[in-house]
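Report on the structure
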Amino acid sequence: MDSDHDRSSAGGGKDAWPQASNRPAEAPGTSEAPAPDHAAATPPWPVPSRDSSATGRGMAGLSLPYQVVAALALSLIGLLACTHVAMVFLHVAPSNTLTKEHGKTVDRWIYPEFEQNWKLFAPNPLQQNVAVHVRAEVVDAADGRRTTRWMNLTHEDAKGIRGNLFPSHVHQNELRRGWDFYVNSHDSENRPNGLRGELSERYVRRIAMLRLSERDYGGRVERIQLRSATSSVAPPPWSTEKISTRPAYRVLPWWTVTSDDLPEHAAEERRDAARAEANQ
């Protein structure tokens, strides 16, 4: 009987162990997790389609009326851009048949918002170097008079520009534009052409006195004289062109310094203008 029991136990174990060997290993003390409910995992809202043809269609995704409106808007923008480019081109281009016939129309389109002051086909590079010099007549405490040497104002400005990544507007343009203002408003005999000539004289005198006030000459500056030294730019080494680089001088008459030419007076004028603007 015992043997039958042993055989039945062995037979039962023979039938049971293969089933147990196919089960995954489980940690002791854990229970089998319930099967997931697929119905509960489905969201209640509709899932969008992943059809790639529904994305990136641009204007084709719009309805017909909106497509017409978008096409008209793009056409108008393109036409306006082409018209503007054509007007700017005619404005900067050399004189031709179109500009002679429709020059006023081009000017009405360009000025004043789109003004261009450069030449497209004929640039005018710098061909001359212009340096502005000044010297002063100084009166000391014993009423002795002496004349200083010429000081190169343009060279002083150039020193403030070379090697400077952010040069000031004063060093770049104040003296140059002031001298151009004087030359364009005076004739070859240094006679002013109207009120602009007198204004340019006061402007260059103030610039000169502002630079001279930075130096101590041991007395009072009573008169100043300016001149320009104009020399041609030397040709490159590979060029066979022969150009004289000897400077040509334009010497202005002596000017008596007044209180309007002094930097202190200019500072007072700026302060008075600031007060008047603040009181308005």
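Bear in mind that the values here come from a model prediction, so they are computed numbers and not experimental data.

To continue, consider the pattern of salt bridges. Tallied over the full model, the rule gives 11 salt bridges. The shortest N-O distance in the salt bridge between arginine 145 and glutamate 137 comes to 3.0 Å. Among the residues examined, glutamate 137 registers a relative accessible area of 13% and is labelled buried. The closest approach of N and O atoms between glutamate 201 and arginine 205, which form a salt bridge, is 3.9 Å. Placement of both glutamate 201 and arginine 205 in helix α7 (residues 195-212) is noted, with a separation of four residues, approximately one turn of the helix. Accessibility classification places glutamate 201 together with arginine 205 in one group, the buried group. Salt bridges linked by common partners bring Glu137, Arg145, Arg220, Glu222 and Arg223 together as one network.

A complete count under the given rule lists two aromatic pairs for this structure. Note on tryptophan 179 and tyrosine 182: the rings are 5.5 Å apart at their centroids and 25 degrees apart in plane angle, and the pair reads as stacked. Taken together, the residues tryptophan 179 and tyrosine 182, both in helix α6 (residues 169-184) and three residues apart, mark about one turn of the helix. Given the relative accessible area of 0%, tyrosine 182 is considered buried. With a centroid separation of 6.1 Å and 70 degrees between ring planes, the pair formed by tyrosine 182 and tryptophan 255 is classed as edge-to-face. Of this pair, tyrosine 182 sits in helix α6 while tryptophan 255 sits in strand β6 (residues 255-256), placing them 73 residues apart in sequence. With respect to class, tyrosine 182 is no different from tryptophan 255; both count as buried. One residue, arginine 205, lies across the ring of tryptophan 255, its end atom 5.4 Å from the ring centre.

Negative phi values dominate among residues other than glycine, just as trans dominates among peptide bonds. Residue aspartate 143 is not a glycine yet carries a positive backbone phi of 60 degrees. Overall, the relative accessible area of 63% leaves aspartate 143 in the exposed class.

Now for α6. End to end, α6 covers 21 Å across 16 residues, agreeing with the expected 22 Å (1.5 Å per residue, within 8%). Listed in full, the buried residues belonging to α6 are Asn173, Glu174, Leu175, Gly178, Trp179 and Tyr182.

When helix α5 (residues 153-161) is considered as a whole, its buried residues turn out to be Leu153, Asp157 and Ala158. All buried residues of α5 project into a common sector of 140 degrees when viewed along the axis, lining one side. Where α5 is buried, its residues touch β1 (128-139), β3 (151-152), α6 and α7. Note on α5: the residue one or two positions beyond its end, glycine 163, has a positive phi of about 75 degrees.

Another aspect to go through is the confidence of the model for the protein chain. Per-residue confidence for the protein chain gives a mean pLDDT of 79; residues scoring 70 or more make up 71%. Note on residues 8-18: pLDDT under 50 across the span, and one contact to partners over four residues away in sequence or across chains.

Right, let's talk about the packing of α6 against α7 for a bit. The interhelical angle for the contact between α6 and α7, taken along N-to-C directions, is 145 degrees, at an axis separation of 8 Å. In this structure, α6 crosses over α7, and the sense of that crossing is left-handed. Across the interface between the two elements, Val170, Glu174, Leu175, Gly178, Trp179, Phe181 and Tyr182 from α6 touch Arg196, Leu199, Ser200, Glu201, Tyr203, Val204, Ile207 and Arg211 from α7. Considering only residue class, the contact of α6 with α7 consists of nine nonpolar, two polar and four charged.

This paragraph deals with the nonpolar core. Val134, Leu212, Val221, Ile224, Leu226 and Trp255 are the most contacted members of the largest nonpolar core, which has 21 residues in total. Those elements giving two or more residues to this core turn out to be β1, α6, α7 and β4 (220-232). A total of five residues in this core trace back to one element, the largest contributor, which is α7. Formed by five residues, the second largest nonpolar core is a distinct cluster that contains Val88, Leu90, Val106 and Ile110.

Parameters and conventions
- Residues numbered from 1 in each chain as written.
- Predicted model: local features only at pLDDT ≥ 70, side-chain atom pairs only at ≥ 80, totals over all residues.
- Heavy atoms only, no water.
- Salt bridge = Lys/Arg side-chain N within 4 Å of Asp/Glu carboxyl O.
- Buried < 20%, exposed > 50% of the residue type's maximum accessible area, 1.4 Å probe, protein only.
- Helix = DSSP H or I, 4+ residues; strand = E, 2+ residues; numbered from the N terminus.
- Phe/Tyr/Trp six-rings, centres within 6.5 Å; stacked < 30°, edge-to-face > 60°.
- Lys NZ or Arg CZ within 6 Å of the ring centre and 35° of its normal.
- Expected span 1.5 Å × (residues − 1).
- Arc of directions from axis to C-beta.
- Contact = heavy atoms within 4.5 Å.
- pLDDT = per-residue confidence, 0-100.
- Axes fitted to C-alpha atoms, helices over the stretch in contact; angles between N-to-C directions.
- Left-handed = near helix turned anticlockwise from the far one by under 90°.
- Nonpolar A, V, L, I, M, F, W, Y, C, P; charged D, E, K, R; others polar.
- Core = buried A, V, L, I, M, F, W, Y, C linked by side-chain atoms within 4.5 Å.

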